[in-house]
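Here are the chains, one letter per residue:
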Amino acid sequence: MELNKLLVTTLGVGLVGLIYWFFFGKKEEVVRASSEINIIVDGGYKPAAIRLKKGIKTTLKITRKDPNTCLEEIILPEFKIKKYLPLNEQVDIEITPQKVGEVGFHCGMNMYHGKIIVE
Ligand SMILES: [Cu+2]
């Protein structure tokens, strides 16, 4: 292969890698919780990914700071929980995951999402 072609190919592969990294490489922050975890609802869930241990009871201490009514309800389908979140008030939700894997939670309209990773 000519040096020029090699250079172009290398650049091309590098560029594709860079684009891939830009769109897919951003690692979301996963927070490990033991018996409790604070979740702030403000333009989404912070943190939006939580790591829990199977069979261990965890209290999600959720405080909504976003006046957007879209976020006033939180639903955890896997745990059959649906809670109203008053503005600036902490709501405690106790869960004890029984299955290893990933379960989601979301707002009342299913527009904002978070997930719980059970291990
Ligand atoms: Cu919503």
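Residues numbered from 1 in each chain as written. Predicted model: local features only at pLDDT ≥ 70, side-chain atom pairs only at ≥ 80, totals over all residues. Heavy atoms only, no water.

Chemist: Break down the environment of Lys83 for me, with residues and values.
Modeler: The residue Lys83 is located in strand 7 (residues 81-84) in this model. With 36 residues separating them in the primary sequence, Lys83 and Pro47 have C-alpha atoms 18 Å apart. When near neighbours in sequence (up to four residues on either side) are disregarded, Lys83 contacts Glu72, Glu73, Ile74, Val91, Asp92 and Ile93. (Helix = DSSP H or I, 4+ residues; strand = E, 2+ residues; numbered from the N terminus. Contact = heavy atoms within 4.5 Å.)

Chemist: I'd like a rundown of the pairing of strand 5 (residues 58-64), residues and numbers included.
Modeler: With seven of its seven residues buried, strand 5 lies for the most part within the structure. The alternating pattern of strand 5 places Thr58, Leu60, Ile62 and Arg64 on one face and Thr59, Lys61 and Thr63 on the opposite face, and all of these are buried. Pairing between strand 2 (residues 36-41) and strand 5: six bridges, direction parallel. The partner of Glu36 across the bridge, within strand 5, is Thr59. Where strand 5 lies against strand 8 (residues 90-95), six bridges are found, and the strand directions are antiparallel. The residue bridging Ile62 from the neighbouring strand is Val91, located in strand 8. (Buried < 20%, exposed > 50% of the residue type's maximum accessible area, 1.4 Å probe, protein only. Pairing = 2+ DSSP bridges.)

Chemist: Residues and numbers for the environment of Asn88, please.
Modeler: Turning to its location among the elements, Asn88 is positioned in the loop between strand 7 and strand 8. Of the residues examined, Asn88 reaches a relative accessible area of 53% and is grouped as exposed. Residues Asn88 and Val41, spaced 47 residues apart in sequence, show a C-alpha to C-alpha distance of 9.4 Å. Those residues in contact with Asn88, other than ones at most four positions away along the chain, are Thr63, Arg64 and Lys65.

Chemist: Before we move on, can you summarise the sheet that holds strand 9 (residues 101-107) with the specific residues and values?
Modeler: Spatial ordering of the open sheet is given by 1-4-10-9-6-7, a layout of six strands whose pairing is mixed. Every interior strand has two partners, whereas the edge strands, strand 1 (30-32) and strand 7, have only one. Each strand axis lies, on average, 20 degrees off the axis of its neighbour in the sheet, ignoring direction. Relative to strand 10 (residues 113-118), strand 4 (residues 49-52) runs parallel, the two being bridged by four bridges. Residue pairing for strand 10: Ala49 is matched across the bridge by Lys115. (Axes fitted to C-alpha atoms, helices over the stretch in contact; angles between N-to-C directions.)

Chemist: Tell me about the pattern of salt bridges, residues and numbers included.
Modeler: Enumeration according to the criterion identifies nine salt bridges in this entry. Across the salt bridge formed by Arg51 and Glu119, the nearest N and O atoms sit 3.2 Å from each other. Linking Arg51 in strand 4 with Glu119 in the segment after strand 10, this pair joins segments that are 68 residues apart in sequence. Note that Asp92 and Lys61 form a salt bridge whose closest N and O atoms lie 3.7 Å from each other. Of this pair, Asp92 sits in strand 8 while Lys61 sits in strand 5, and the two are 31 residues apart along the sequence. Residue class for Lys61 comes out buried when judged on its relative accessible area of 16%. Salt bridges here are not isolated pairs; linked through shared partners, they connect Arg32, Arg51, Lys53 and Glu119. (Salt bridge = Lys/Arg side-chain N within 4 Å of Asp/Glu carboxyl O.)

Chemist: Account for the nonpolar core, with residues named and values stated.
Modeler: Core analysis: the largest hydrophobic core is formed by 23 residues, its most contacted members being Ile50, Leu60, Leu76, Ile93 and Ile116. Within the residue set of this core, elements represented by two or more residues are strand 2, strand 4, strand 5, strand 6 (73-76), strand 8, strand 9 and strand 10. (Core = buried A, V, L, I, M, F, W, Y, C linked by side-chain atoms within 4.5 Å.)

Shape is all these values report; function is a separate question.
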